Amino acid sequence: MSLHAPEFFAELCLPFQDSTVVGNTYYAAPIPGAPPRLRIDFNRTIHADTYGGLRAAVIHPDRGEIDALVLGFVDHGTFHRRDEAQRTPANTKRYGTFDKYHRPGQPPWEGAVTTGLRSAIEQYTAVWFPGAWAASTPSRASGRTAHTAPSLSAARSSGRAR
């Protein structure tokens, strides 16, 4: 089952140049040359093939996992719009999650808004990799849904101003 992980992590627009996606897991070296690494993967729920968030972990090559944190989709509003539009009840397995079943040609996480997750990952990495976020050049244009907003002309020909 493909979770379209490379596309999902591209959507997050994480700024780490030394990174890759292997299978459904994102790996990065936020501070080049330093031993700790960042690993982010999809966090499973108690339901088969259903994911309720991301699990971020700091990994050391010699000491293994040093710290881990689960970033729930519900906690970060990832599927809030989708669930509201579809009127998904909060007490169901579908609320704030995604599973392997999806529309053809669409990723299983269709409708995800990743802004909250990105912000949480930025806060988490600031603790374990100080300065790494600022040192990396964010590539916001690399996301799947990045668009350039048209600019408004300086002088309006008609209409009222607010």
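See the structure printed just above.
Rules and cut-offs
- Residues numbered from 1 in each chain as written.
- Predicted model: local features only at pLDDT ≥ 70, side-chain atom pairs only at ≥ 80, totals over all residues.
- Heavy atoms only, no water.
- Helix = DSSP H or I, 4+ residues; strand = E, 2+ residues; numbered from the N terminus.
- Buried < 20%, exposed > 50% of the residue type's maximum accessible area, 1.4 Å probe, protein only.
- Contact = heavy atoms within 4.5 Å.
- Areas by Shrake-Rupley, 256 points an atom, 1.4 Å probe, with all protein chains shown as cover.
- Core = buried A, V, L, I, M, F, W, Y, C linked by side-chain atoms within 4.5 Å.
- Expected span 1.5 Å × (residues − 1).
- Arc of directions from axis to C-beta.
- Pairing = 2+ DSSP bridges.
- Salt bridge = Lys/Arg side-chain N within 4 Å of Asp/Glu carboxyl O.
- Phe/Tyr/Trp six-rings, centres within 6.5 Å; stacked < 30°, edge-to-face > 60°.

**Looking at the overall build of the protein**
Tallying secondary structure elements over the protein gives 4 helices and 6 strands in all. Ordering the α and β elements of the protein from the N terminus gives α-β-β-β-β-β-α-β-α-α. Expressed as a percentage of the 162 residues in the protein, the buried residues total 35%. Expressed as a percentage of contacts within the protein between residues at least 6 apart in sequence, the contacts between residues at least 24 apart total 50%. Summing over all exposed atoms, the protein offers an accessible surface of approximately 10000 Å²; the carbon and sulfur share of this is 51%.

**Focus on the nonpolar core**
If you look at the biggest cluster of nonpolar residues, it comprises 29 residues, and the most contacted ones within it are Phe8, Phe9, Ile40, Phe42 and Leu54. Beyond its immediate chain neighbours, meaning those up to four positions away, Phe9 contacts Leu14, Val21, Asn24, Thr25, Tyr26, Ile40, Phe42 and Leu54.

**Some points on helix 3 (residues 115-128)**
Helix length check: helix 3, at 14 residues, gives a terminal C-alpha distance of 20 Å against a target of 20 Å (1.5 Å per residue), a fit within 8%. Within helix 3, the full set of buried residues consists of Leu117, Arg118, Ala120, Ile121, Tyr124 and Thr125. Buried residues along helix 3 cover an arc of 160° about the axis, so they all sit on one side. Away from its buried face by more than 90 degrees, helix 3 exposes Thr115, Gln123 and Val127.

**Notes on the pairing of strand 5 (residues 64-72)**
Two elements, strand 4 (residues 50-60) and strand 5, share 8 bridges in a ladder whose sense is antiparallel. Residue pairing in the sheet places Arg55 in a bridge with Val70 of strand 5. Between strand 4 and the antiparallel strand that follows it, strand 5, lie 3 residues.

**Thoughts on the pairing of strand 3 (residues 37-44)**
The sheet contact formed by strand 2 (residues 25-28) and strand 3 spans 4 bridges and is antiparallel. Considered in strand 3, the bridge of Ala28 is made with Leu38. Connecting the antiparallel pair strand 3 and strand 4 is a turn made up of 5 residues, with Asp49 showing a positive phi of about 55°.

**Re the pattern of salt bridges**
Tallying each qualifying case throughout the model produces 4 salt bridges. Residues joined in a network through salt bridges with shared partners are Arg39, Arg55 and Glu65.

**Here we look at the packing of aromatic side chains**
By the definition in use, this model includes 13 aromatic pairs. Taken together, a centroid distance of 5.2 Å and an interplanar angle of 65° make the contact between Phe8 and Phe42 edge-to-face. With Phe8 in helix 1 (residues 5-12) and Phe42 in strand 3, this pair connects stretches of sequence that are 34 residues apart. Using a relative accessible area of 8% as the deciding quantity, one classes Phe42 as buried. By way of ring pairs, the aromatic residues Phe8, Phe9, Tyr26, Phe42, Tyr51, Phe73, Phe79, Phe98 and Trp109 are connected into one cluster.

None of this, on its own, says anything about what the molecule does.
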